[in-house]
Amino acid sequence: VLMKDISTPVPSEETKRRVQKCLEKAAQINYSQLMDYTQINVDPEEVPEKRLEDMLRFGELCIEVLQQNEEHHSEVFIICTPSASHSIMQDI
């Protein structure tokens, strides 16, 4: 729970900004780890079919991560009150 002090809650706009910043950082980490995991290196000398296969595999992994992110984010927002979670999710 974000509180400015023991009795003053943080405004919802500030909460939204913090959540958005955390989600963006998580996405950057996820995709950089995916690039490392798939070991995709851009090599102009590589056979086009191999590059296409690599990109298709990377695309499939990205879709998988997006689905997992959606599940995790929805679990996080269940904790919020219904009106706050609805408001935050609309802005993201």
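Model, not experiment: these values are computed from the prediction.

J.: Which residues make up the overall build of the protein chain, and what are the values?
T.: Scanning the protein chain from N- to C-terminus turns up three helices and zero strands. Listing each helix as α and each strand as β along the protein chain from the N terminus yields α-α-α. Across the 92 residues in the protein chain, those meeting the buried criterion constitute 18%. By sequence separation, contacts in the protein chain at least 24 residues apart represent 47% of the contacts at least 6 residues apart. A total of about 7500 Å² of accessible surface is found on the protein chain, and carbon and sulfur atoms cover 58% of it.

J.: Quick rundown of the confidence of the model for the protein chain? Include the residues and the values.
T.: Mean pLDDT over the protein chain stands at 75; residues scoring 70 or higher make up 75%. Between the elements of the protein chain, mean pLDDT differs from a low of 51, seen in helix α3 (residues 82–91), to a high of 82, seen in helix α1 (residues 12–38).

J.: Please set out the nonpolar core residue by residue, giving values where relevant.
T.: Formed by Leu34, Ile40, Phe58, Leu61, Cys62 and Val65, the largest nonpolar core amounts to six residues. For this core, the leading source of residues is helix α2 (residues 48–78), giving four residues. For isoleucine 40, the contacting residues outside a window of four places in its chain are Met35, Asp54, Met55, Arg57 and Phe58.

J.: So, the side chain of aspartate 54: which residues are in play, and what are the values?
T.: Position of aspartate 54 among the secondary structure elements: in helix α2. Not counting the four nearest positions on each side in its chain, aspartate 54 is found in contact with Ile40 and Glu46.

J.: I'd like a description of the pattern of salt bridges, backed by residues and values.
T.: Going through the model one piece at a time under the given rule, you end up with four salt bridges. Here the salt bridges share partners, and the residues they tie into one network are Lys50, Asp54 and Arg57.

J.: Give me the lowdown on the environment of glutamate 13, citing residues and values where you can.
T.: With respect to the helices and strands, glutamate 13 occurs in helix α1. Residue glutamate 13 is classed as partly exposed on the basis of its relative accessible area of 45%.

J.: Now, about α1: what can you tell me, with residues and values included?
T.: Here α1 is 27 residues long and its end C-alpha atoms lie 38 Å apart, about the 39 Å a rise of 1.5 Å per residue gives. Among the residues making up α1, those that are buried are Glu14, Thr15, Lys16, Leu23, Leu34 and Thr38. Just past α1, the residue glutamine 39 takes up positive phi, approximately 55°.

J.: I'd like a rundown of the side chain of lysine 16, residues and numbers included.
T.: Positionally, lysine 16 belongs in helix α1. Its relative accessible area of 12% is what places lysine 16 among the buried residues. Engagement of the side chain of lysine 16 in a polar contact is seen with the side chain of glutamate 13, the distance being 3.3 Å.

Conventions used here
Residues numbered from 1 in each chain as written. Predicted model: local features only at pLDDT ≥ 70, side-chain atom pairs only at ≥ 80, totals over all residues. Heavy atoms only, no water. Helix = DSSP H or I, 4+ residues; strand = E, 2+ residues; numbered from the N terminus. Buried < 20%, exposed > 50% of the residue type's maximum accessible area, 1.4 Å probe, protein only. Contact = heavy atoms within 4.5 Å. Areas by Shrake-Rupley, 256 points an atom, 1.4 Å probe, with all protein chains shown as cover. pLDDT = per-residue confidence, 0-100. Core = buried A, V, L, I, M, F, W, Y, C linked by side-chain atoms within 4.5 Å. Salt bridge = Lys/Arg side-chain N within 4 Å of Asp/Glu carboxyl O. Expected span 1.5 Å × (residues − 1). Polar contact = N/O pair within 3.5 Å; in protein donor to acceptor, adjacent residues only side chain to side chain.

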